[in-house]
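Topology and contacts: notes
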Amino acid sequence: MKTMNVGIIGYKFMGKAHSNAWSKAHQFFDMGIEPVMKVACGRHPDALKEFADNWGWEEIETDWRKVVARADIDIIDICVPQYLHFDIAMAALKAGKHVFCEKPLAMNVEEARLLCEEADMHAGLIHYVNHNYRRCPAVMLAKQLIDEGKIGRIFHWRGAYLQDWIVDPNFPLTWHLQADKAGMGPQGDLNSHSVDLARFLIGEIESVSCMTANFITERVLPDEAASGTFNGTADVAAGKGKVTVEDAAFMHVRFVNGALGSFETSRFAPGRKNYNYFEIYGSKGSLVFNFERMNELQFFSLEDPTYAQGFRTIMVTEGEHAYISGWWPPGHIIGYEHEFIHAVVDFMKAIGSGAQISPNFHDGLREMEILSAGLLSAKERREVKV
Ligand SMILES: NC(=O)c1ccc[n+]([C@@H]2O[C@H](COP(=O)([O-])OP(=O)(O)OC[C@H]3O[C@@H](n4cnc5c(N)ncnc54)[C@H](O)[C@@H]3O)[C@@H](O)[C@H]2O)c1
């Protein structure tokens, strides 16, 4: 079996999710090429060593530039905050590595454009932006039903991506709340996923109109151990800092095909944990997906006899559903981590075939254009062409 060496940069939330995927993918799927978990990189050697030992990374390194420079590394996996994506991805492409990058691709449109230009100069290199929700079997089924014409002409996308981890005013100012590290608030963090799903399922977006809000403008600074999301702890002695990203963004869009869409995102929605939700309405039927019930897809069809019409809930766990043949018998559900495994499988297959994966850096650029246009629209209070 051919193998390829992976270097991962970052070892917290996404570092774990990706490590799990790199280690398990070959046990469930035939990828043609097997990834080898060669080196893990982070700034704190003790915590990094513990991480590497737990997940099976062979070596550790505290300087990402040394990982990228290694001749024996074939794939760079980027699991760090957005402000580091550009430098690492650019260096990796220049060094001839395939790049598996977390979302959003970059801090802004300019960075994303430069990455695309560089990627285009290396024809054989695969570049991927990790919008893992595309690789949920229920989302793939939604795509299949749309492509088969079962929904007909699409009129509406109604999306929401809601969480609740910063409702507490004592939650600290982690990197996600700082514009110089995250680029954007939930518009970049969460709406990037929704925009990716909408582009995948409905098509291109041509204009946006957006409103943003801030509810808490100052927060206590985080301690060293704080992760970006969910489990920040405060360093009370260090004082307070300003929140420099939006807390919520509500965006309306026009799709090129004439459909209208709405995207609501906020991290101030108590009870909504990872509520990545969409409804699609068309001339022949409708679809509803909620990631918190990710093994299910709701489907309403106007082609059913009137007396039997109603939303049906499809359990997306049959062998003929995307990716499921690699897993368990019908009804034996899968979870969040499986999407990451599917992404690794498709990434390795893309390397093997030489055919570019999607979403790739070009999708990442388009998303940055749409999301940035949204923030401009909110600032100038007008509809903005993308
Ligand atoms: N696909 C998804 O669903 C999803 C979910 C969460 C986060 N993300 C994305 O993943 C990325 C990482 O987010 P996270 O939640 O894992 O953050 P995190 O705060 O949990 O982890 C960040 C990691 O980056 C490391 N790091 C920071 N600066 C570094 C440097 N200079 N050199 C090496 N390592 C450095 C930290 O030590 C830590 O290991 C972000 O781009 C985020 O948007 C994606």
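The written sequence of each chain sets the order in which its residues are numbered from 1. For a predicted model such as this one, the threshold for reporting local features is a pLDDT of at least 70, and the threshold for listing and counting side-chain atom pairs is 80 or more; totals across whole chains, interfaces and linings nevertheless cover every residue.

1. Details of the overall build of the protein
- From N to C terminus, the protein includes 11 helices and 17 strands.
- Expected size for 386 residues packed as a compact globule is a radius of gyration near 21 Å; at 21 Å, the protein falls within 12% of this value.
- Seen through its principal axes, the protein has C-alpha atoms that stretch 65 × 55 × 40 Å.
- Here the protein, with 386 residues, has 48% of them falling under the buried criterion.
- Sequence-distant contacts, at least 24 apart, represent 71% of the contacts inside the protein between residues at least 6 apart. We count a stretch as a helix when DSSP gives it H or I for four or more residues in a row; a strand needs E for two or more, and each element gets its number in order from the N terminus. For a compact globule the rule gives 2.2 Å times the number of residues to the power 0.38, and the radius of gyration it is set against comes from C-alpha atoms. Burial in this document is a count-based property: other C-beta atoms within 10 Å of a residue's C-beta are tallied, and the residue is buried at 20 or more, exposed at 12 or fewer, or partly exposed in between, with C-beta positions derived from the backbone. What counts as a contact is two residues whose backbone-derived C-beta atoms lie within 7 Å of each other.

2. Things to note about the domain arrangement of the protein
- Where a domain begins and ends is set by an automatic assignment or by a domain database. According to the domain assignment, the protein consists of domain 1 (2-133) and domain 2 (135-356 + 367-380).
- At the junction of the two partners, domain 1 supplies 36 residues and domain 2 supplies 39 residues.
- Elements with a contribution of two residues or more to the side of domain 1 that touches domain 2: helix H1 (13-28), strand S2 (33-41), strand S5 (98-101) and helix H5 (109-120).
- A per-element tally of the side of domain 1 that touches domain 2 places H1 first, with 9 residues.
- Under the scheme applied, nonpolar residues are Ala, Val, Leu, Ile, Met, Phe, Trp, Tyr, Cys and Pro; charged residues are Asp, Glu, Lys and Arg; polar residues are all the others, including Gly. Among the residues making up the side of domain 1 that touches domain 2, the classes are represented as 23 nonpolar, 10 polar and 3 charged.

3. Examining the environment of Asp196
- Here Asp196 shows up in helix H9 (residues 191-201).
- Spatially, the C-alpha atom of Asp196 lies 23 Å from that of Asp180, the residues being 16 residues apart in sequence.
- Look past the residues within four positions of Asp196 in its chain and what remains in contact with it is His131, Arg134, Pro359, Asp363 and Glu367.

4. Looking at the packing of H1 against helix H10 (residues 336-353)
- Think of each axis as a best-fit line through the C-alpha atoms, taken over the contacting stretch in the case of a helix, with angles from 0 to 180 degrees between the N-to-C directions. Across the interface, H1 lies against H10 with an axial gap of 8 Å and an inter-helix angle of 65°. Relative to H10, H1 is oriented so that their crossing is right-handed. On H10, the residues that touch Ala17, His18, Asn20, Ala21, Trp22, Lys24, Ala25 and Phe28 of H1 are Glu337, Phe340, Ile341, Ala343, Val344 and Val345.
- By residue class, the composition of the contact of H1 with H10 is 10 nonpolar, 2 polar and 2 charged. The handedness criterion is simple: a crossing whose near helix is rotated anticlockwise from the far helix by less than a right angle is left-handed, and one whose near helix is rotated clockwise is right-handed.

5. Focus on the pairing of S5
- Side-chain alternation along S5 places His98 and Phe100 on one buried face and Val99 and Cys101 on a second face that is also buried.
- In terms of strand pairing, strand S4 (residues 75-78) meets S5 through 4 bridges, oriented parallel. Following the sheet pairing, Ile76 is matched in S5 by Val99.
- Here a crossover is taken to be right-handed if, once the strands point away from the viewer, the path from the first strand over the helix to the second is traced clockwise. Viewed along the sheet, the connection from S4 through helix H4 (residues 85-94) into S5 turns out right-handed.
- In this analysis, strands are considered paired if DSSP registers two or more bridges between them. Sheet topology places S5 next to strand S6 (residues 127-129); 3 bridges connect them, and they run parallel. The residue bridging Phe100 from the neighbouring strand is Tyr128, located in S6.

6. Remarks on the sheet that holds S2
- The strand order S3-S2-S1-S4-S5-S6 describes an open sheet built from 6 strands, whose pairing is parallel. The open sheet has two edge strands, strand S3 (59-61) and S6, and neither has a second partner. With strand direction ignored, the average angle separating the axes of adjacent strands in the sheet is 25°.
- In the packing of H10 onto the sheet, contacts are made with strand S1 (2-9), S2, S5 and S6, and the angle to S2 comes to roughly 115°.

7. Brief notes about helix H6 (residues 137-147)
- When we look at burial in H6, the residues that qualify are Pro137, Ala138, Val139, Leu141, Ala142, Leu145 and Ile146.
- Taken from the residues just after H6, Gly149 is the one with a positive phi, measuring 85°.

8. What about the pairing of strand S7 (residues 154-162)?
- Summarising the sheet, S7 and strand S13 (residues 275-282) pair through 8 bridges and their orientation is antiparallel. By the bridge assignment for S13, His156 is matched with Tyr281.
- Here 7 bridges tie S7 to strand S12 (residues 260-266), and the two strands are oriented parallel to one another. Paired with Tyr161 across the two strands is Thr265, which belongs to S12.

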